[in-house]
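# Observations on chain architecture
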Amino acid sequence: MDVSLIQSFINLIAVLLLALGIKGLSKVRSAKEANRLAAFAMFLSIIGLLTYYLGKPGEGITQQSWLWIIIGTFVGSLFGAILAKRVPMTSMPETVALFNGCGGMSSLLVAIGVIFFQRNETFIQDISILISIFVGSITFSGSIIAMAKLQGWLSTPSWTQSKIRHLINISIAIISIVAFLNLIQSVNTSTIWLLVISSTILGIGVTLPIGGADMPVVISLLNSYSGIAAAAAGFVVGSQLLIVAGAMVGAAGLILTQVMCKGMNRSLVSVLFGGTLSSQSKKLDSGGEYTNITSCSVEECALTLEAANKVIIVPGYGLAVAQAQHTLREVAKILEQNDIDVSYAIHPVAGRMPGHMNVLLAEADVPYEQLKEMDNINPDFPATDVVLVLGANDVVNPQAKSDQNSPLYGMPVLDVQEARTVFVIKRGMSAGYSGIKNDLFDLPNTSMVFGDAKQVLSELMTELKELGVGAK
Amino acid sequence: MDFAQAFWVLLLGSLLGLELIGKVPPTLHTPLMSGANAVSGITMLAALTLIITAKDNLPLLIIGSISLGFALFNVVGGFVVTDRMLAMFNRKPSKKLK
């Protein structure tokens, strides 16, 4: 049988499995199997490719090629697996960003390799190569910047918040476009490097001004880009499978980006070009000083909790930073033993990534049914005795509903202020990621418990035990 | 593969991608993003093709090999990390009841 027919058949199965995999990943029940299915499909696609070259008369794979294949495979897979196994759950977003950047880098390298050594001088191939270089570079540099910012290696430089950045970015974009158009007419080495460098800088320039709360959206968008880069690489080497898979990821990534934007009530345009929320708020002057802060001790907090019937916990990024999820679970267990109804209110963008809190709480074995989504739990707050806000800030800011001038206005938030008592466990009075004052802290039914989330929770546990809660 | 054919493949692939994801529970945003990200490492096939067709061209072999390394870093890491995340959702009620 013809080997190219065999390969087509294998590729067809691989595409089908990939599609089923991505589809399955969007449902809780099937997600785990779907992920493995997709992984298997990727493996299958390699088998298909190798079969094709091994079986095709006059092609074959030289020993030298095998050597380099094995080196690349070994090094890449090994580092990937080690990093993926070791990285703590809290730094998932930056890990995904790093992986994504490497995917972009791979497409970029393929394009560079082909344009220097294997160009067949067709118009289509040239354009695909250039797109692959352009998108690949942006994906790589953008993802690395996103990772560095999430890791805290890079802050948002203040100059990036001024209007000048648009000017700079536009001029760099123009340079890239000019280089691109030039290369379509005639390919020469220095212009290629100009394109590589200018699009790399463009990726940096666009990502750097974006605030941390918007990072997930940016990563998702960059993920979509890396799909486009892969599809372009597919045109370069003439692989249908690559084009399908790349286009699929590109389109799916775009949809996911849209879904995430909706969750934050932000448009993609304002995420990309609006800068951080705090820079917008300065103009509007919606900040201001806190006037009515009540701070209380862990002991008071424990006493109030003991008398409660219904407690809702609102987790945020602070919980992830403090790695307090296990301690939180212990506290919740003690409360449950005293017949107190405990549930968790999950805001769609709590943490640094959508679903971040779900992953975190699942790690601490919090029963899935206790995690309530925002729309389901908001009606429950008026009937709630105590709300514990753990390291969350912007997602519980009532300004989003009451103050039309606030940059947060319109963002869906958790109505924690409706509850009888709110305890906010927080390290200090610093603002949340948006940099905006939180009106919640000023309300009479809100008390602040200052301290590291983990420490406060373990003190709380001791206090509760002393009160005899949970001891049977 | 001629251009028109490749273009059709691109178009249908994009449409498929748009249709695949409709409603996603927020819980799965992160794993889905990470899983899709792993799939975008499919450029490994391009890198492989590059190495195989490079024959004796050493610079090309090296570029291809580095590219393959980056792509597989993306693929293997992406799937393992997604698997780790999803493993946490799976040990749910049954274990809890004890």
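Residues numbered from 1 in each chain as written. Chains lettered and ligands numbered in written order. Predicted model: local features only at pLDDT ≥ 70, side-chain atom pairs only at ≥ 80, totals over all residues.

## With respect to helix α15 (residues 356-363) of chain A
Residues and elements named next belong to chain A. Rules: The exposure label follows from counting other C-beta atoms within 10 Å of a residue's C-beta, where the C-beta atoms are placed from the backbone and the thresholds are 20 or more for buried and 12 or fewer for exposed, leaving partly exposed in between. By the criteria applied, helices consist of DSSP H or I runs no shorter than four residues and strands consist of E runs no shorter than two, each listed in order from the N terminus.
Most of α15 sits inside the fold, with seven of its eight residues counted as buried. The complete set of buried residues in α15 reads His 356, Met 357, Asn 358, Val 359, Leu 360, Leu 361 and Ala 362. A positive phi of about 65° marks Asp 365, the residue just after α15.

## As for the interface of chain B and chain A
Selection rule: This entry defines residue contacts through backbone-placed C-beta atoms, with two residues in contact when those atoms are within 7 Å. Residue classes follow a fixed rule: Ala, Val, Leu, Ile, Met, Phe, Trp, Tyr, Cys and Pro count as nonpolar, while Asp, Glu, Lys and Arg count as charged, and any other residue, Gly among them, counts as polar.
Between chain B and chain A, the residue contacts involve 78 residues of the former and 98 residues of the latter. Every element with two or more residues in the side of chain B that touches chain A is listed here: α1 (3-20), α2 (29-39), α3 (44-53), α4 (58-90) and α5 (93-96) of chain B. Per-element tally for the side of chain B that touches chain A: the top contributor is α4(B), with 31 residues. Grouping the constituent residues of the side of chain B that touches chain A by class yields 48 nonpolar, 24 polar and six charged.

## What about the packing of helix α5 (residues 123-151) of chain A against helix α7 (residues 189-207) of chain A?
Pairs of packed helices are described in terms of their axes, by the angle between the two and the distance that separates them. Residues and elements named next belong to chain A. Operational definition: Axis angles are defined between N-to-C directions and span 0 to 180 degrees, where every axis is a line fitted to C-alpha atoms and, for a helix, only to the segment in contact. Roughly parallel means an angle under 35 degrees; roughly antiparallel, over 145; roughly perpendicular, 65 to 115; everything else is oblique. A crossing counts as left-handed when the near helix is turned anticlockwise from the far one by less than a right angle, and as right-handed when that turn is clockwise.
Taken N-terminus to C-terminus, the directions of α5 and α7 make an angle of 40°; their axes are 7 Å apart at the nearest point. In this view, α5 runs oblique relative to α7, as classed from their interaxial angle. At the point where α5 passes α7, the crossing takes the right-handed sense. Residues Leu 130, Ile 133, Phe 134, Ser 137, Ile 138, Phe 140, Ser 141, Gly 142, Ile 145 and Ala 146 of α5 form the contact with α7, whose own contacting residues are Leu 195, Val 196, Ser 199, Thr 200, Leu 202, Gly 203, Ile 204, Val 206 and Thr 207. Taken together, the residues of the contact of α5 with α7 break down into 12 nonpolar, seven polar and no charged.

## Considerations on the environment of A:Thr191
Here A:Thr191 lies in helix α7. In sequence terms A:Thr191 and A:Ala179 are 12 residues apart; their C-alpha atoms lie 6.0 Å from each other.

## Re the sheet that holds strand β1 (residues 310-315) of chain A
All names here are of chain A. Rules: Strand pairing is defined by DSSP finding a minimum of two bridges between the two strands.
Strand order in this open sheet of six strands is β3-β2-β1-β4-β5-β6, and the pairing throughout is parallel. Of all strands in the sheet, those with a lone pairing partner are β3 (371-373) and β6 (446-450), marking the two edges. Adjacent strand axes in the sheet meet at a mean angle of 25° when their direction is disregarded. When strand β5 (residues 421-426) meets β6, the two strands line up parallel, connected through five bridges.

## Comments concerning the nonpolar core
Inclusion rule: Definition of nonpolar core: a set of buried Ala, Val, Leu, Ile, Met, Phe, Trp, Tyr and Cys residues joined via C-beta atoms within 7 Å.
Membership of the largest hydrophobic core comes to 186 residues, with the highest contact counts inside it found for A:Ala245, A:Met248, A:Val314 and A:Val389. When sequence neighbours within four positions are dropped, the list of residues in contact with A:Val389 reads A:Val314, A:Val396, A:Val416, A:Val422, A:Phe423, A:Val424 and A:Ile425.

## Concerning the confidence of the model for chain B
All names here are of chain B. To be explicit about the condition: Each residue gets a pLDDT score, which is the predictor's confidence in that residue and runs from 0 to 100.
On average, residues of chain B score 84 in pLDDT, and 89% of them are at 70 or above. Across chain B, the element-wise mean pLDDT spans from 41 in α5 up to 93 in α3. Note on residues 92-98: pLDDT is under 50 here. Beyond four places in sequence and across chains, it has four contacts. Reported confidence for the predicted complex is 0.90 by ipTM and 0.79 by pTM.

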